[in-house]
Amino acid sequence: MSGASAGPLAVAVHGAGGRMGGALCRLLSAAADLRLVAAWGRVGDPRLGRDVGTIHGLGPLGVPLAAAGTPGARPAVVVDFSVPESLGALADLCREARLPLVSGTTGGEDPERALARAADVVPVLWAPNFSPALAALAEILPGLAALLPEADFAVLDVHHEGKRDAPSGTSRRLARLLAGSGARPVSTASLRLGGVVGEHALYVEGAEERLEIWHRVRDRAVFARGALLAARWIVARPPGIHRFADVLHAPPR
Ligand SMILES: NC(=O)c1ccc[n+]([C@@H]2O[C@H](COP(=O)([O-])OP(=O)(O)OC[C@H]3O[C@@H](n4cnc5c(N)ncnc54)[C@H](OP(=O)(O)O)[C@@H]3O)[C@@H](O)[C@H]2O)c1
């Protein structure tokens, strides 16, 4: 597979016509060690056939938006930010073509489970949030819950009006982590507001005090950068389900 050979790592972006697709294309066009070789969009998207760089106002990148799996240059890894309904077909494609898969798509019943059917033959990494700071918060949550057994926890997410799922995948992940750490039932709330890229607040309510932790994303490039970090990492991993935290714990390349 080309991922193991010398030269830039060949990347296919699934959901390439969307907001995150644009952020990924921007970073890929500037990365010396990565090369965009395929940009996959929804069948029926009227922009199919147009250069994906032009679609995103980046200038031509020499890669047309095409239906997923359209024959062309072989990618070494697939990076997905699309819609939950497309994940089953994407997992089948990655399974059949033996393509490692990194996905940040949220919503639906259980995105990670939908992708897991590829994990017996290729490495798969799904994360509801590819921000390193948010991943670090998730790592320390069990300790926080253990130290404050009497506290009430709540998670608020604030996102742009185009976001389809509420609560966010990140809120759901944080609430699940807290529940697994013995915290009392965690309430979640969501605000959909203008063009907010993504904000989460963790409220820890004690009897006479409150701890608040806010995470605010100024540019969705942070998610794209995290996902591409995971893409570089995953091509050398064995089949199975992998975690973004493992990418962050890995020694720098
Ligand atoms: N994990 C993270 O760090 C993170 C960060 C940001 C966003 N997200 C999640 O990532 C996903 C995408 O976010 P976004 O803001 O980029 O959304 P978006 O702008 O709506 O982009 C999604 C793109 O996927 C396309 N699509 C739909 N069905 C498809 C299919 N079968 N195959 C390929 N492409 C398909 C959509 O096309 P149409 O518009 O034509 O349907 C759209 O261009 C969402 O689930 C969001 O919650 C995760």
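First, a word on what this report is: a plain description of the structure on this page. Remember, it's a predicted structure, so these values are computed and weren't measured experimentally. (Residues numbered from 1 in each chain as written. Predicted model: local features only at pLDDT ≥ 70, side-chain atom pairs only at ≥ 80, totals over all residues.)

Focus on the packing of helix H1 (residues 19-30) against helix H7 (residues 221-234)
Then, number 1: With their axes 9 Å apart at the nearest point, H1 and H7 run at an angle of 65° to one another. For the crossing formed where H1 meets H7, the hand is right-handed. Contacts from Met20, Ala23, Leu24 and Leu27 of H1 reach H7 at Ala221, Phe223, Ala224, Arg225, Ala227 and Leu228.
Then, number 2: For the contact of H1 with H7, the per-class residue count stands at nine nonpolar, no polar and one charged. (Axes fitted to C-alpha atoms, helices over the stretch in contact; angles between N-to-C directions. Helix = DSSP H or I, 4+ residues; strand = E, 2+ residues; numbered from the N terminus. Left-handed = near helix turned anticlockwise from the far one by under 90°. Contact = placed C-beta atoms within 7 Å. Nonpolar A, V, L, I, M, F, W, Y, C, P; charged D, E, K, R; others polar.)

Considerations on the site of the ligand
Then, number 1: If you check the shell around the ligand, you find 28 residues, and the closest are Gly15, Gly18, Met20, Ser86 and Gly104.
Then, number 2: Elements supplying a minimum of two residues to the shell around the ligand: H1 and strand E2 (34-41).
Then, number 3: Take the shell around the ligand: its biggest share by element is three residues, from H1.
Then, number 4: The class makeup of the residues in the shell around the ligand is nine nonpolar, 13 polar and six charged. (Near = placed C-beta within 6 Å.)

Things to note about the environment of alanine 221
Then, number 1: Within the fold, alanine 221 resides in helix H7.
Then, number 2: Here the alpha-carbon distance between alanine 221 and glycine 69, two residues 152 residues apart in the chain, equals 25 Å.

Concerning the sheet that holds strand E10 (residues 210-217)
Then, number 1: Reading across the sheet, the four strands line up as E8-E7-E9-E10 and stay open at both edges, with mixed pairing between neighbours. Only two strands of the sheet have a single partner each, and these edge strands are strand E8 (187-192) and E10. Taken pair by pair, the neighbouring strands of this sheet meet at an average axis angle of 15°, ignoring direction.
Then, number 2: Here eight bridges tie strand E9 (residues 198-205) to E10, and the two strands are oriented antiparallel to one another. Looking at E10, one finds that glycine 198 is bridged to valine 217.
Then, number 3: Relative to E10, helix H5 (residues 132-147) is tilted by about 160°, and along the sheet it contacts E9 and E10.
Then, number 4: Set on the sheet, helix H6 (residues 169-180) makes contact with strand E7 (152-159), E8 and E9; between it and E7 the angle comes to about 170°. (Pairing = 2+ DSSP bridges.)

Some words on the sheet that holds strand E6 (residues 123-126)
Then, number 1: Taking strand neighbours across the sheet as the criterion, the seven strands line up as E3-E2-E1-E4-E5-E6-E11 in an open arrangement whose pairing is parallel. Of all strands in the sheet, those with a lone pairing partner are strand E3 (65-67) and strand E11 (240-242), marking the two edges. Each adjacent strand pair in this sheet contributes to an overall mean axis angle of 25°, direction not counted.
Then, number 2: For E2 and E3, the ladder comprises three bridges, and the chain directions are parallel. Each bridged residue has a counterpart across the sheet, and for glycine 41 the counterpart in E3 is alanine 67.

Side note on the nonpolar core
Then, number 1: One finds Val11, Val13, Ala39, Val77, Val79, Ala227 and Ala230 to be the most contacted residues of the largest nonpolar core, which totals 68 residues.
Then, number 2: Here this core takes eight residues from H7, the largest share from any one element.
Then, number 3: Both domains that furnish three or more residues to this core are identified here as domain 1 (2-126 + 221-249) and domain 2 (132-217).
Then, number 4: The residues touching valine 13, leaving out its near neighbours within four places in the chain, are Gly21, Leu24, Cys25, Leu36, Ala39, Trp40 and Val79. (Core = buried A, V, L, I, M, F, W, Y, C linked by C-beta atoms within 7 Å. Buried ≥ 20, exposed ≤ 12 C-beta atoms within 10 Å, placed from the backbone. Domains from an automatic or database assignment.)

Take it as geometry only, folks, not as evidence of what the structure does.
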